[in-house]
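Survey of secondary and tertiary structure
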Amino acid sequence: MAHRLRAAQLGGMTEGVIWQQLLLFFMPTWFGTLFQQLYNTADTVIVGRFVGTGALAAVGATSTLVLLVVGFSTGLSSGASVIISQLYGARQPEQVRRAVQTSVALAIWLGGGLTLIGFIATPWALRAMGTPAEILQDGILYLRVYLLGMIPSLVYNMGTGVLRAVGDSRRPLYFLIAASVVNIALDLVFVVGLGLGVLGVAIATILSQTISAFLVLGCLWSAEGAPWYLERGMPHINRSLLSAILRVGMPAAVQSIFYNVSNIIIQGYINTFGTNSVAAWAVLAKLDGVYWMTIQSLGLSITTFAGQNFGARNYGRLKKGVRQAVLIGFLLTLVIIALLLGLGRWMFLIFTSDLAVVEIGVAMVHYLAPWYLSFLFIEVLSGAMRGAGDTFVPTLITCFGVCVLRVVWLVVMVPRSHTIETVLASYPITWCLASALYLIYYLQGGWLRRRIAAQDAAAPAAAAQ
């Protein structure tokens, strides 16, 4: 009875005041990503303050590769989240349970494969990016150890995706708080106390990821009677649900690959400006991470909202949710821009006392931050369409309107003007173009009509199961 009551409480995104629903889901998700950012930032602060600029640059130089691996797996997990949210909105608890089993099994197999491939490819990848020789060995060491934690990382991401799909964004927050505290404490022990440098940071990270994975697994294992219950032991894969998850998740994973490959190429160009610029770029990634975690948390909110309401056939409510999410995102973005422009120098000084690094980083912040508003439509509109199961065209818009065009800009323009500003310009140019394409595609409405037709066609098969 208790589980049935909690299910009713968690699945309320199909009714009620929309902006309140979005914010109630957004806030725990945002705080969760904040704590995730905090323990990633703790790595950077501790390395920069207690080891040095070279170690800071080494960890920063691996960040795009880490995001490439994690982004691919997160894209696939978003497919699981969308399918589960639709099934949950459609009140199909047995199918939800099968999808949960399939999702966790996918995370285990995928995590093992990514660990093996990444461990082998790490030296080649860092050299291909033009990583400065003086930080190359530290970068290889950090990334290889980090990759040993891929299975717990994917299990955690998939498990929290399951919880968010049914409307529970609070327990993922609690798990991340616990992992963040453990990570920061272990950073201090391994780096400051034992002097292990970048190795200590990597070990602390994978241990904290393992703890968070077992916390979320314990939550799913203990949910007997609830649709999201996970049986102990190796979970089973349902082929039809795996196919549905991959159909939605693979485009998101490919999109993430394109994003991160373009960022890896940008990292390669940043590397040509020397260690100080690499270090400044690493710190900037932590500071503007505040914006990315905010807009991505809003994207997760609208994805879950759209998934549940699409599953419940509340199409008008879905559209209202998109409009209100855009307004919420606009206001949040203005606040973040003001904070970064006003406090950017002070924030950089938290990470490093090297004034040359600070000056370069502050200039980067002032160049990029005002353009964050142009990214808002990309995240909100793609999140809504992903929640309804429309992924192919949004993936094309992102891959070519953002990523491919960004690389073209770099290849054509940087040789003509070898400055950091020319590299940075690739961001606002591509954000503006992709936002315009997303608005046109969303407003013409054909994407939703196609998804409704597919939903109607699939209804007899679902009823038969």
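Bear in mind that the values here come from a model prediction, so they are computed numbers and not experimental data.

**Structural notes on the overall build of the chain**
- The secondary structure content of the chain amounts to 19 helices and 0 strands.
- For 465 residues, the compact-globule formula gives about 23 Å, and the C-alpha radius of gyration of the chain, at 22 Å, lands near that figure.
- Taken along the three principal axes of its C-alpha coordinates, the chain extends 65 × 50 × 35 Å.
- Counting only residues that meet the buried cut, the chain has 59% of its 465 residues in that class.
- By sequence separation, contacts in the chain at least 24 residues apart represent 84% of the contacts at least 6 residues apart.
- As presented, the chain carries roughly 18500 Å² of accessible surface, and 70% of it is formed by carbon and sulfur atoms.
- Distance between charge centroids for the chain: 11 Å, based on 27 positive and 16 negative side chains.

**What about the packing of helix α13 (residues 315–351) against helix α15 (residues 376–387)?**
- The geometry of α13 relative to α15 is characterised by a closest axis approach of 10 Å and an angle of 150 degrees between their N-to-C directions. One way to sum up the angle between α13 and α15 is to call them roughly antiparallel. Regarding α13 and α15, the two cross each other, and that crossing is right-handed. Counting all contacts with α13, which are made through V322, A325, V326, G329 and F330, the residues of α15 involved are L376, F377, V380, L381 and A384.
- Grouping the constituent residues of the contact of α13 with α15 by class yields 9 nonpolar, 1 polar and no charged.

**Focus on a positive patch on the surface**
- Together, K319, K320, R323, R449 and R450 line one region of the surface with positive charge.
- Of all the elements in the fold, those that place two or more residues in the positive patch are α13 and α19 (446–464).
- With 3 residues, the top contributor of residues to the positive patch is α13.
- With respect to the helices and strands, K320 occurs in helix α13.

**So, the pattern of salt bridges**
- This model, assessed by the stated rule, comprises 2 salt bridges.
- Between E94 and R97 there is a salt bridge whose closest N-O contact spans 2.8 Å. Taken as a pair, E94 and R97 lie in helix α5 (residues 93–128) at a separation of 3 residues, close to a single helical turn.
- When its relative accessible area of 18% is taken as the criterion, R97 is described as buried.

**Some details on the packing of aromatic side chains**
- According to the stated counting rule, one finds 13 aromatic pairs in the structure shown.
- Each ring, one from F258 and one from F400, has its centre 6.2 Å from the other, and the planes form 50 degrees; the classification is tilted. Note that F258 is positioned in helix α10 (residues 239–271) and F400 in helix α16 (residues 392–413), a separation of 142 residues in sequence.
- Its relative accessible area of 49% is what places F400 among the partly exposed residues.
- With a centroid separation of 6.2 Å and 50 degrees between ring planes, the pair formed by Y372 and W431 is classed as tilted. With Y372 in the loop between α14 (355–368) and α15 and W431 in helix α18 (residues 426–444), this residue pair connects regions lying 59 residues apart in the sequence.
- Residue classification places Y372 among the buried residues on the basis of a relative accessible area of 1%.
- Classification of W431 as buried rests on a relative accessible area of 2%.
- Taken together, W281, Y291, W292, Y372, F375, Y427 and W431 form an aromatic cluster joined through their ring pairs.
- If you follow R144 out to its NZ or CZ, it ends over the ring of F119, 4.6 Å from the centre.

Procedures and definitions
Residues numbered from 1 in each chain as written. Predicted model: local features only at pLDDT ≥ 70, side-chain atom pairs only at ≥ 80, totals over all residues. Heavy atoms only, no water. Helix = DSSP H or I, 4+ residues; strand = E, 2+ residues; numbered from the N terminus. Rg over C-alpha atoms; globule rule 2.2 N^0.38 Å. Buried < 20%, exposed > 50% of the residue type's maximum accessible area, 1.4 Å probe, protein only. Contact = heavy atoms within 4.5 Å. Areas by Shrake-Rupley, 256 points an atom, 1.4 Å probe, with all protein chains shown as cover. Lys, Arg positive; Asp, Glu negative; His and termini not counted. Charge placed at Lys NZ, Arg CZ, Asp CG, Glu CD. Axes fitted to C-alpha atoms, helices over the stretch in contact; angles between N-to-C directions. Parallel < 35°, antiparallel > 145°, perpendicular 65-115°, else oblique. Left-handed = near helix turned anticlockwise from the far one by under 90°. Nonpolar A, V, L, I, M, F, W, Y, C, P; charged D, E, K, R; others polar. Patch = residues over 30% accessible without salt bridge, like charges linked within 9 Å, V, L, I, M, F, W, Y side chains within 5 Å. Salt bridge = Lys/Arg side-chain N within 4 Å of Asp/Glu carboxyl O. Phe/Tyr/Trp six-rings, centres within 6.5 Å; stacked < 30°, edge-to-face > 60°. Lys NZ or Arg CZ within 6 Å of the ring centre and 35° of its normal.

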